[in-house]
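Here is what each chain is made of, one letter per residue.
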Amino acid sequence: MSEHLPSFRLDDQVVVVTGASRGIGRGVAEGLAATGAIVAVTARSLADAEVVVAAITDAGGRARGYALDVTSIESINMAVDQIVADHGRLDVLVANAGLGANLPALEVTEEHWDSMMDANLKGAFFTAQACARHMVGAGAGRVVAISSQASLVGITDHVAYSSSKGGLNQMVRVLALEWGPLGVTVNAVAPTFIYTPGTAERLDDPDYRAKVVERIPVGDVGEIKDVTGAVVYLASEAGAMVNGSILTVDGGWTAQ
Ligand code: NAP
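Here's what I pulled together on the structure shown here.

What counts as what
Residues numbered from 1 in each chain as written. Predicted model: local features only at pLDDT ≥ 70, side-chain atom pairs only at ≥ 80, totals over all residues. Heavy atoms only, no water. Patch = residues over 30% accessible without salt bridge, like charges linked within 9 Å, V, L, I, M, F, W, Y side chains within 5 Å. Areas by Shrake-Rupley, 256 points an atom, 1.4 Å probe, with all protein chains shown as cover. Salt bridge = Lys/Arg side-chain N within 4 Å of Asp/Glu carboxyl O. Helix = DSSP H or I, 4+ residues; strand = E, 2+ residues; numbered from the N terminus. Contact = heavy atoms within 4.5 Å. Expected span 1.5 Å × (residues − 1). Buried < 20%, exposed > 50% of the residue type's maximum accessible area, 1.4 Å probe, protein only. Arc of directions from axis to C-beta. Polar contact = N/O pair within 3.5 Å; in protein donor to acceptor, adjacent residues only side chain to side chain. Phe/Tyr/Trp six-rings, centres within 6.5 Å; stacked < 30°, edge-to-face > 60°. Pairing = 2+ DSSP bridges. Right-handed = clockwise from strand over helix to strand, strands pointing away. Near = heavy atom within 4 Å.

## Some remarks on a nonpolar patch on the surface
- Taken together, the side chains of M1, L5, F8 and Y233 present a nonpolar region at the surface, about 490 Å² in accessible area.
- With respect to the helices and strands, the residue M1 is situated in the segment before β1 (14-17).

## Observations concerning the environment of V159
- If you trace the backbone, V159 turns up in helix α5 (residues 159-179).
- For the pair V159 and N102, spaced 57 residues apart in sequence, the C-alpha to C-alpha distance is 8.7 Å.
- Apart from residues no more than four positions distant in its own chain, V159 is found in contact with A105, V108 and W113.

## Observations concerning helix α2 (residues 46-58)
- Along its 13 residues, α2 runs 18 Å from first to last C-alpha, staying within 8% of the 18 Å computed at 1.5 Å per residue.
- Every buried residue of α2 is accounted for by A49, V52, V53 and I56. For α2, the angular spread of buried residues about the axis comes to 105°, placing them on one side. Every exposed residue of α2 that faces more than 90 degrees away from the buried side is listed here: A47 and D58.
- Measuring from the side-chain oxygen of the N-cap residue of α2 to the backbone nitrogen of A47 gives 3.3 Å; that N-cap residue is S45.
- Just downstream of α2 lies G60, where phi reads positive at about 95°.

## Thoughts on the packing of aromatic side chains
- In total, this model carries 3 aromatic pairs according to the counting rule given.
- Measuring from centroid to centroid gives 4.8 Å for F125 and F126, while their planes differ by 75°, and the two rings are edge-to-face.
- With centroids separated by 5.9 Å and ring planes inclined at 40°, the aromatic side chains of F193 and W253 adopt a geometry described as tilted. Here W253 lies in the segment after β7 (246-249) and F193 lies in the loop between β6 (184-191) and α6 (200-203), a separation of 60 residues in the sequence. Comparing F193 with W253 shows no difference in burial state: the two are buried.
- Each member of the aromatic cluster is reached from another via a ring pair, and the members are F193, Y208 and W253.

## Digging into the environment of E214
- With respect to the element layout, E214 can be found in helix α7 (residues 206-214).
- Between the C-alpha atom of E214 and that of W253, which follows or precedes it by 39 residues, the distance is 9.4 Å.

## Details of the pairing of β1
- The two faces of β1 match: V14 and V16 on one face and V15 and V17 on the other face are all buried.
- Bridging between β1 and strand β2 (residues 38-43) involves 4 bridges; their strand directions are parallel. Residue V14 lies in a different strand from β2, and its bridge partner there is I38.
- Note on the crossover from β1 through helix α1 (residues 23-33) to β2: the handedness is right-handed.
- Relative to strand β4 (residues 92-95), β1 is paired through 3 bridges, and the arrangement is parallel.

## Let's talk about the site of the ligand
- Taken together, 27 residues lie around the ligand, and S21, R22, R44, Y161 and T196 are the ones closest in.
- In the environment of the ligand, an oxygen atom lies 2.6 Å from a nitrogen or oxygen atom belonging to the side chain of R44.
- Contacts to the ligand include G198, whose backbone N or O atom sits 3.0 Å from an oxygen atom.
- In the complex, the protein chains occlude 91% of the 890 Å² of accessible area that the ligand would expose alone.
- Sorting the residues of the shell around the ligand by element identifies α1 and α5 as the ones contributing at least two each.

## What about the pattern of salt bridges?
- What the rule picks out here adds up to 6 salt bridges.
- Here D12 makes a salt bridge to R62, at a shortest N to O gap of 2.8 Å. Within this pair, whereas D12 is found in the segment before β1, its partner R62 is found in strand β3 (residues 62-67), the two being separated by 50 residues in sequence.
- For D12, a relative accessible area of 45% translates into the label partly exposed.
- We classify R62 as partly exposed; its relative accessible area is 38%.
- In this structure, D220 and R209 form a salt bridge, with 3.3 Å as the shortest nitrogen-oxygen distance. One end of the pair, D220, is in the loop between α7 and α8 (224-235); the other, R209, is in helix α7, and 11 residues separate them in sequence.

Next comes the structure, spelled out in structure tokens:
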């Protein structure tokens, strides 16, 4: 082993993942468990979280389920306090929970706008704040937010989503400045289209998928493990010096 190769493992670290019932959140939760982490699998429904906990424990990992709705600050605080009470520590937050939908700007309603902002931006902030209160007390922690390539470039029919994720990037930068000196790094992963339950309907349409793939220089949409790899990097010793970054996992979409 070389002293110049940092660890990519998270042995015994307590990791919270929001929106872990399915898609990227579930995949990241399972991937982090495989690096040795104790995963707090959070979902709106405790029953959904327990399904993922069972999958992780069946695979030999450690996990516990919690109900956490990121649109309720009360729910966030209750879950985070319970996680700390159960495990005695909280090392990493993966703020993944989010919504996405295609809608032309002329058809955007107040309800659509508010739902995107509440889940993708406000929810991520108050979850990060609740977790950081414990991390700052311990003098160490990592926050990784799941942003999107739509935070960096315009994508037609995504005005509320793009605005929420652009705001998320700015949240990451400000928190990195405030919490970095206190031992807590804050970064985001910005994926391109990843095939998940949230995008399946759109990507199963061959015309839509072809238009998407045309924009991705590596020639295909991403997989959940592409996001997991970036999260593991940012959450582990390997990412210790990274703070305030928006790490694209987009096959080159935003390089154009
Ligand atoms: P998904 O399959 O639709 O899953 C979304 C997850 O978020 C579900 O677990 C859902 O829980 C949860 N969620 C929604 N509202 C919530 C709330 N109020 N409180 C707690 N959890 C909530 O989505 P995905 O594709 O995996 O996307 C996950 C994240 O990656 C999102 O932030 C998304 O914007 C981002 N992202 C995705 C892509 C992509 O192409 N897939 C690309 C870039 C960024 P329920 O099961 O309870 O609904």
